[in-house]
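# Examining the three-dimensional arrangement
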Amino acid sequence: MKEHYLAVIKFPVFVALALIAISAVFFGFALVGYQRLGFSPVEKVVYLSIFLLIIALVGTWILILTSTHIKLKCKSLSIYMKWMLFHIYFYFAKWLNAIFFKGKAGLMESFLHFNNEIVLTAHQDDKHEKILILLPHCLQGSNCKIRITADIINCEECGSCDIAVIKGMADKYQVHAAVATGGSLARKLITDEKPDVIIAVACHRDLVDGVRDAWQFPVYAVLNEHPKGPCFETTVSISTIEFAIKKFI
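For clarity, every value in this text was computed on a predicted model and none was experimentally measured.

Before going further, it helps to spend a moment on the confidence of the model for the protein chain. Detailed reading of the predicted coordinates is not advisable wherever pLDDT is low. A residue-level look at the protein chain finds 94% of positions with pLDDT of 70 or above and a mean pLDDT of 87. Model confidence for the protein chain, summarised as mean pLDDT per element, is weakest for helix α1 (residues 2-37) at 81 and strongest for strand β4 (residues 219-223) at 95.

Here the focus is the pattern of salt bridges. Any two side chains of opposite charge can pair if their charged atoms end up close together. Counting across every chain of the model gives six salt bridges. Where Asp-192 meets Lys-188, a salt bridge forms, and the shortest distance between an N and an O atom there is 2.8 Å. Taken together, the positions of Asp-192 and Lys-188, both in helix α6 (residues 183-193) and four residues apart, correspond to about one turn of that helix. Of the two residues, Asp-192 and Lys-188, neither departs from the other in class, the shared state being exposed.

The next subject is the pairing of strand β1 (residues 131-136). If a strand is regular, its side chains alternate between the two faces of the sheet. Extensive coverage of β1 is indicated by the burial of six of its six residues. Of the two faces of β1, both are covered, the one formed by Ile-131, Ile-133 and Leu-135 as well as the one formed by Leu-132, Leu-134 and Pro-136. Relative to strand β3 (residues 197-202), β1 runs parallel, the two being bridged by four bridges. Note that in β3 the partner of Leu-132 across the bridge is Ile-198. Where β1 lies against strand β2 (residues 176-180), five bridges are found, and the strand directions are parallel. Counterpart to Ile-133 in the pairing with β2 is Ala-177.

Here we come to the pairing of β3. Among the six residues that make up β3, six are buried, leaving the element largely enclosed by the rest of the structure. Here β3 shows no split at all, with Val-197, Ile-199 and Val-201 on one side and Ile-198, Ala-200 and Ala-202 on the other all buried. Examined bridge by bridge, β3 and β4 share five bridges and lie parallel to one another. Paired with Ile-198 across the strands is Val-219, a residue of β4. Regarding the hand of the β-α-β motif, the stretch spanning β3, helix α7 (residues 204-213) and β4 is right-handed.

At a minimum axis separation of 11 Å, helix α5 (residues 163-173) and helix α8 (residues 238-248) run at an interaxial angle of 15°. The angle between α5 and α8 places the two elements in the roughly parallel class. In this structure, α5 crosses over α8, and the sense of that crossing is right-handed. Across the interface between the two elements, Val-165, Ile-166, Met-169, Lys-172 and Tyr-173 of α5 pack against Ile-238, Ile-241, Glu-242, Ile-245 and Lys-246 of α8. When grouped by side-chain class, the residues that make up the contact of α5 with α8 number seven nonpolar, no polar and three charged.

What α7 keeps buried is the set His-204, Leu-207, Val-208, Val-211 and Arg-212. Angular distribution of buried residues about the axis of α7 spans 125°; they occupy a single face of the element. Against α3 (75-100), α4 (105-122), β3 and β4 lie the buried residues of α7.

About the criteria used
- Sequence order as written defines the numbering, with residues in each chain counted from 1.
- Predicted model: local features are reported for residues with pLDDT of at least 70 only, side-chain atom pairs are reported and counted for 80 or more only, and whole-chain, interface and lining totals are derived from all residues.
- Excluding hydrogens and water, the side-chain values take into account all heavy atoms of the structure.
- For every residue, the predictor assigns a confidence score, pLDDT, that lies between 0 and 100.
- Where helices and strands are cited, they refer to DSSP runs of H or I of at least four residues and of E of at least two residues respectively, numbered from the N terminus.
- Only one rule defines a salt bridge in this text: a Lys or Arg side-chain nitrogen within 4 Å of an Asp or Glu carboxyl oxygen.
- Using a 1.4 Å probe on the protein chains alone, a residue whose accessible area is under 20% of its type maximum counts as buried, one over 50% counts as exposed, and one in between counts as partly exposed.
- At least two DSSP bridges between two strands are required for those strands to pair.
- Handedness of a crossover is defined as follows: with both strands directed away from the viewer, a clockwise route from the first strand across the helix to the second makes it right-handed.
- Comment: axis = line fitted to C-alpha atoms, over the contacting stretch for helices; angle = value between 0 and 180 degrees taken between N-to-C directions.
- In these notes the angle categories are as follows: under 35 degrees is roughly parallel, over 145 is roughly antiparallel, 65 to 115 is roughly perpendicular, and the rest is oblique.
- Crossing chirality is assigned from the near helix's rotation relative to the far helix, an anticlockwise turn below a right angle marking it left-handed and a clockwise turn marking it right-handed.
- Only heavy atoms matter for contacts: two residues are in contact if any of them lie within 4.5 Å across the pair.
- In the scheme used here, Gly and all other residues not listed as nonpolar or charged are polar, with Ala, Val, Leu, Ile, Met, Phe, Trp, Tyr, Cys and Pro taken as nonpolar and Asp, Glu, Lys and Arg as charged.
- Each direction from the helix axis to a C-beta atom contributes to the arc, which is the arc of those directions.

Rendered as structure tokens:
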């Protein structure tokens, strides 16, 4: 339980620490400069601009934190906050993690948990007709001769991997499930389908890249498990996928 809690809060804590560090450096330079010679007109403009930028960054981050628990009705504001989360704050946390820690998995997992909370809150009580379950090809058994890329309808449901269970679940809830062999195919599937919500299954790195690449779509991330090593006969929590489907339908 403690490890799970730390995995969830790591990303937002790192973003907050990065903002505190940026603010401290700014006020430190401003104080030293003012005590030394005062501010010239140009310096006043520069310092004021930076100060307003920091205020905007802090204010936006507070709104993003709020969006994990409160549904925001303004669509343009939600788009702005998502862009900032994936293109600005993500790098704040990533750089801070690179300075003080070597491992990336914990930060990526925390980022995915944080994104999931926002997606769930933003789409609570909404009915979605087009839900896409996006799966990695490594879920399929290595000895299987059936080609299921792009659409799992060809699965013969032998039960040797999780694909059969997910196919049955997709039929039960009338959602589309597809298998992508890489980022290009995943992007094509998303572009063609234009789903209301995406439930994506993959490893840490692929999920983070995919969520950020498809930032304009709501993506609920589900980490797969690799008992036999990465990218080989991986498994996934079926209950987690079903939980997400029920939340969105």
